[in-house]
Structures are given as structure tokens and as C-alpha cells.
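Topology and contacts: notes
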Amino acid sequence: MEDIILEPGSVPKIKIELNDKFQPIGENYRKLSSVIGVQTRKMLPVGCSDWRLVDPDKKMELWADIQKRFDIDDKAMEWVISSAGAKWKQFKAKLKENFFDETKTDEELKNLHGSGGKRKRKSCKAEVSSHIRKCELCFYCT
């Protein structure tokens, strides 16, 4: 899998087969799904409260990145973007589960969790849910 995540073009594209509903099938399906998850976490901001509010240009950048890594028909774009949306939502839920504590202030959360490792954390106001206060603990922001 590491070879797929390397700079696009450094390894040959992987061929993805589609079924009659333009969904990926075959032996390379899992590789595609894994890369969608990794690239979604790397490329898309978690600061939006809803997938539909994520910048469409960012979604298209993700699609273009996937096409650089895989030989995949354009008809699969809807499936790839939908899959990215599900993975994005799962990632946000995992961040909330692991890092958010509504009893702590934003400053306490920042001190508790440090700088986020190698990633440079930027501050943004991200709606965690409609009934919980705004939080500034975002690792991926625009």
C-alpha cells in the first residue's frame, strides 16, 4: 500500500474494474478503498459540519488525485466521492471520540493533545454537532 501513497506517477497506475453500476470490483478494490480513506484524511478539511458543505473544488482535487494513482473510468467518480464522504464522516467521528471533551475548554484540549504530531495544526472553528459548543481542535483545515 505504501507504494500507492507515494508521489503519483512514481509507480504504474492500478487498473480498477467496475460493475454495471460503476462500482469498483475485483482484486484492486480494497487498494482503491484504502487510498480513498488516506487521501480523504489528508486532503479534505474536517472543519465543515456537513459533507455537503465541503468545497466541491476540494472534492474534485481528491478525484483528480485518485485518477493519478488508479486507471479508473470517469463513471466511477460518483462512487469515489460518496465513499470519500463516508470515510470523512467516520474520521470526524473518530477525532471527536478520541480528542473532544465537552467539559474542557479549547485551551485545555490544545494543551492536553499537543500539536498533533508532525502535522501543523491550524485553528479553525468547527461545528462538532448542533448541540455542542464550537471547538478549535482541527487537524485538517482550509
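Numbers given for residues are sequential positions, taken from 1 along each chain in its written order. Under the rules for a predicted model, residues below a pLDDT of 70 receive no local features and side-chain atom pairs below 80 are neither given nor counted, while totals for whole chains, interfaces and linings still include all residues. With hydrogens and water excluded, all non-hydrogen atoms of the structure serve as input to the side-chain values.

**Looking at the overall build of the protein chain**
Heads up, the rule is: Numbered from the N terminus, helices here are DSSP runs of H or I no shorter than four residues, and strands are runs of E no shorter than two. Exposed residues in this analysis have more than 50% of their type's maximum accessible area, buried residues have under 20%, and partly exposed residues fall in between, with area computed by a 1.4 Å probe over protein chains only. Contact definition: two residues touch when any of their heavy atoms are within 4.5 Å.
The helix and strand tally for the protein chain stands at five helices and four strands. Tracing the protein chain from N to C terminus, the helices and strands come up as α-β-β-β-α-α-β-α-α. By the burial criterion, 37% of the 142 residues in the protein chain qualify as buried. Sequence separation of 24 or more characterises 61% of the internal contacts of the protein chain that already satisfy a separation of 6 or more.

**As for helix H2 (residues 29–43)**
Applied cut-off: Any helix carries an expected span of 1.5 Å times its number of residues minus one.
Taking 1.5 Å per residue, 15 residues should reach 21 Å; H2 reaches 21 Å between its end C-alpha atoms and fits that length. Those residues of H2 not exposed but buried are Leu32, Ser33, Val35, Ile36, Gly37, Val38, Gln39 and Thr40.

**Comments concerning the confidence of the model for the protein chain**
Selection criterion: Per residue, pLDDT captures the predictor's confidence, and it can take any value from 0 to 100.
When the pLDDT values of the protein chain are averaged, the result is 79; 73% of them are 70 or greater. Per-residue pLDDT stays below 50 along residues 117–142; that stretch engages in 67 contacts with residues further than four places along the chain or on separate chains.

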